[in-house]
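Residue-level structure breakdown
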Amino acid sequence: MTPPTPRLFLIRHGETEWSLNGRHTGTSDIPLTARGEEQIKSKAHILVGEGKPIDPQNLCVALVSPRQRAHRTFHLLFEHLPKVPDHIIDESVREWDYGKYEGFFKHEILAIDPKWDIWRDGCPGGESAQEMHDRVDCVIAKVREYHRQYFEEGKGTRDVLIIAHGHFNRVLISRWIRFELALGTRFNVEPGGVSVLSYNHNSLDEPALNALNLYADLK
């Protein structure tokens, strides 16, 4: 009997002061706002638990960015359960390193470089677009290996969970479905939004986007 198709739940952290006002937030360790915490708490009982979309019994692994906004989001999602699942604090799922543009508004960056496009140019003193592409591809390879072991060898369980960031998630969605990194500019990934990545036709050779911005507080 064919097992259920494996899935990746990809969640952006809840709102922070900088995500609200549009500052580029990479390495800066900005906490969630009170509204950001409530965004996550309000969806936790709908999203997480036995028989819910994210069932801890189905979680093979959870990868969480080291930034406190991501780690706090993870704990808020699971705090209503008797036990918080094991998870890995993983630098590879951190936000794009904005380098010299850390904390800048986009209009401030364009005043320095009017032709700047992060999807093409990356960030001086931070990560280039190619470096981001390569890092995210390594994360995808890791997730797909968990999925392969479950689907083909019966090892582990069905689902992987990643709690990360806006630009990171947009790049991962693009690369998951085998498009160029720059397609990420076409996806809006809202604070607290849940994306589901899986496969068509029960085939690990057909990666697909199943859902985008589930449970997000859409503006």
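The structure reproduced in this document is the subject of the present report. Numbers given to residues run from 1 along each chain, matching the order in which its sequence is written. For this predicted model, a pLDDT threshold of at least 70 governs which residues receive local features, and a threshold of 80 or more governs which side-chain atom pairs are given and counted, while totals over whole chains, interfaces and linings are taken from all residues. Side-chain measures here rest on the full set of heavy atoms in the structure, leaving out hydrogens and waters.

1. Some remarks on the pairing of strand 1 (residues 7-12)
To sort residues, take the accessible area from a 1.4 Å probe on protein chains only and compare it with the maximum for the residue type: under 20% means buried, over 50% means exposed, and anything in between is partly exposed. Only runs of H or I of at least four residues qualify as helices and only runs of E of at least two qualify as strands under DSSP, and these elements are numbered from the N terminus. With six of six residues buried, strand 1 is to be regarded as a mostly interior element. Side-chain alternation along strand 1 places R7, F9 and I11 on one buried face and L8, L10 and R12 on a second face that is also buried. Pairing of strand 1 with strand 5 (residues 194-199) involves four bridges; the strand directions are antiparallel. Following the sheet pairing, L8 is matched in strand 5 by L197. Two strands qualify as a pair provided DSSP detects at least 2 bridges between them.

2. A few points about the environment of H167
For H167, the position within the fold is in helix 7 (residues 166-176). Residues H167 and E190 lie 23 residues apart in sequence; the distance between their C-alpha atoms is 11 Å. Contacts: residue pairs with any heavy atoms within 4.5 Å of one another. The residues touching H167, leaving out its near neighbours within four places in the chain, are H24, E95, W96, Y98, I118, W119 and M132. Of note is the side chain of H167, whose polar atom sits 2.7 Å from the side chain of Y98. As used in this structure description, the phrase polar contact means that two N or O atoms lie within 3.5 Å; if the pair is within protein, one of them must be able to donate a hydrogen and the other to accept it, and residues adjacent in sequence are counted only when both atoms belong to side chains.

3. Topic: the pattern of salt bridges
What counts as a salt bridge is simple: a side-chain nitrogen of Lys or Arg found within 4 Å of a carboxyl oxygen of Asp or Glu. Tallied over the full model, the rule gives 15 salt bridges. A salt bridge links R72 to E37; the shortest N-O distance between them is 3.1 Å. Here R72 is found in helix 3 (residues 68-78), whereas its partner E37 is found in helix 2 (residues 34-47), with 35 residues between them in sequence. The partly exposed category is assigned to R72, whose relative accessible area is 34%. We note a salt bridge from R94 to E127, for which the minimum N-O separation is 3.6 Å. Note that R94 is positioned in the loop between strand 3 (88-89) and helix 4 (106-112) and E127 in the loop between helix 5 (118-121) and helix 6 (129-153), a separation of 33 residues in sequence. One network of salt bridges, in which partners are shared, links R67, E91, R94, E127 and R135.

4. Examining the pairing of strand 5
Within strand 5, six of the six residues are buried, which leaves it mostly tucked inside the rest of the structure. Burial along strand 5 is two-sided: the face carrying V194, V196 and S198 and the face carrying S195, L197 and Y199 are both buried.

5. Considerations on helix 6
Any helix carries an expected span of 1.5 Å times its number of residues minus one. An ideal rise of 1.5 Å per residue puts 36 Å on 25 residues; helix 6 measures up with 35 Å between its terminal C-alpha atoms. Looking only at helix 6, the buried set comprises A129, M132, H133, R135, V136, V139, I140, V143, H147, Y150 and F151. Its buried side turned inward, helix 6 meets strand 1, helix 5, strand 4 (159-164), helix 7 and strand 5. The positive-phi residue at the C-terminal boundary of helix 6 is G154, with phi of around 75 degrees.

6. Things to note about the packing of helix 6 against helix 7
Geometry of a packed helix pair, given as the angle between the helix axes and the separation of the axes. Between the N-to-C directions of two axes lies an angle of 0 to 180 degrees, each axis being a line fitted to C-alpha atoms and, for a helix, fitted only over the stretch in contact. One can describe the packing of helix 6 onto helix 7 by two numbers: an axis separation of 9 Å at closest approach and a directional angle of 65 degrees. Read as a crossing pair, helix 6 and helix 7 show a hand that is right-handed. Across from M132, H133, R135, V136, D137, V139, I140, V143, R144 and H147 in helix 6, the residues of helix 7 making contact are H167, F168, V171, L172, R175 and W176. Looking at the contact of helix 6 with helix 7, its residues break down into nine nonpolar, three polar and four charged. Here a crossing is taken to be left-handed if its near helix is turned anticlockwise relative to the far helix by less than a right angle, and right-handed if that turn runs clockwise. Each residue is assigned to one class: nonpolar for Ala, Val, Leu, Ile, Met, Phe, Trp, Tyr, Cys and Pro, charged for Asp, Glu, Lys and Arg, and polar for all the others, Gly among them.

These figures come from the coordinates and say nothing about function on their own.
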